[in-house]
Amino acid sequence: MATFPFNGYSLFLPPAELCIIKSIFQEKEEKLEADSDVLWEKFLPADYQEIISGALHLLPSAALSEKELYYRLSDDPLLIDGGSKSFQLEKSSGKKCIMLGAKELAISWGDGKTPWYWDWPRCPGSRFAQVAELHGVWWLEIHGKMEIQLLSPNTFYVAHFVFKLRDDAYGFDDYEPMKAKVEVFGRADGDTNACSKERLIYLGACSEYYPPDPIYPPDQMLEPEYFARERGNGWMEVEMGHFYNGGGDS
């Protein structure tokens, strides 16, 4: 039996009702703790303030709680480095995700001097100010690089090529493979297993996961990730490879 003062009177509660009241107060305390800035700041990257301060558009972080800021960075990509890259948090883990805009890529014949090969228009639905639009080339060669320190340490990453095909696009749905490779240079430990080997990818989607006239024997059919798939927002993506960032030492 427990006694509580109540408007000048004593309120006597049996143990069962006392447990209910304790449970209610405990739930409220746990909710307050779960929403606290101290807790949510632990989920944010250590350099999140530096990243936000270098954003292309001002993010009113001072007006947001740490929890609100976490979900804002998870749901809305933040343009950084003058708008040439985007930064986002993976919602379930808080790991950094970086996307390189087309202007950050080295594209053969895409220097702006040959508009009959490549053009640089604005594209509705793109997070970047400009995209690279292919008109036609003899070969397609694209390179991209970034400093690994921008990423979360001790994290396994997968690199994707993101693109959109016009209705009149051709040359990508006839199962012509392209070579793709992800490499990590300058690793102090010399670990060559940190990145994936060269693979063949297809920019055309394939519901059967392999070409109808495969170039591989049946026991070497390609896995689904070697083919492009919908991202859910009108864009396509294909997995180019993976790597492990052991600590940003390169």
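Residues numbered from 1 in each chain as written. Predicted model: local features only at pLDDT ≥ 70, side-chain atom pairs only at ≥ 80, totals over all residues. Heavy atoms only, no water.

- As recorded in an unreviewed UniProt entry, the protein chain goes by the name F-box domain-containing protein, listed as coming from Papaver somniferum.

Structural notes on the layout of surface pockets
Logical step 1: In this model, the second largest pocket occupies a volume close to 170 Å³.
Logical step 2: Lining the second largest pocket we find D47, E50, I51, G54, I80, D81, F87, K96, I98 and L150.
Logical step 3: Listed by contribution, the elements that provide at least two residues to the lining of the second largest pocket are α3 (48-53) and β5 (96-100).
Logical step 4: When its residues are assigned to classes, the lining of the second largest pocket shows five nonpolar, one polar and four charged. (1 Å grid on protein atoms, 1.4 Å probe; cavity = no way out; pocket = protein on both sides within 12 Å on 5 of 7 lines; lining within 4 Å. Points joined across faces, edges and corners; volume = space filled by probe spheres on them. Helix = DSSP H or I, 4+ residues; strand = E, 2+ residues; numbered from the N terminus. Nonpolar A, V, L, I, M, F, W, Y, C, P; charged D, E, K, R; others polar.)

Concerning the nonpolar core
Generally speaking, nonpolar side chains in soluble globular proteins are found buried as a group.
Logical step 1: In terms of nonpolar packing, the biggest core is built from 22 residues, with L44, I52, L69, L73, L78, F87 and F243 touching the most fellow members.
Logical step 2: The set of elements that each furnish at least two residues to this core consists of α3, α4 (66-75), β3 (78-80), β4 (85-89) and β10 (155-163).
Logical step 3: With seven residues, the next largest nonpolar core counts F163, I201, A228 and V238 among its residues. (Core = buried A, V, L, I, M, F, W, Y, C linked by side-chain atoms within 4.5 Å. Buried < 20%, exposed > 50% of the residue type's maximum accessible area, 1.4 Å probe, protein only.)

Focus on the sheet that holds β4
Logical step 1: As summarised here, the arrangement of the three strands in space is β3-β4-β5, forming an open sheet in which the pairing is antiparallel. At either margin of the open sheet sits one strand with a lone partner, and together these are β3 and β5. Between one strand and the next, the sheet's axes are offset by a mean angle of 30 degrees, whatever the strand orientation.
Logical step 2: By the bridge criterion, three bridges tie β3 to β4 in an arrangement that is antiparallel. Bridging from a neighbouring strand, L78 pairs with F87 of β4.
Logical step 3: Across the face of the sheet, α4 comes into contact with β3 and β4 while running at roughly 130 degrees to β4. (Pairing = 2+ DSSP bridges. Axes fitted to C-alpha atoms, helices over the stretch in contact; angles between N-to-C directions. Contact = heavy atoms within 4.5 Å.)

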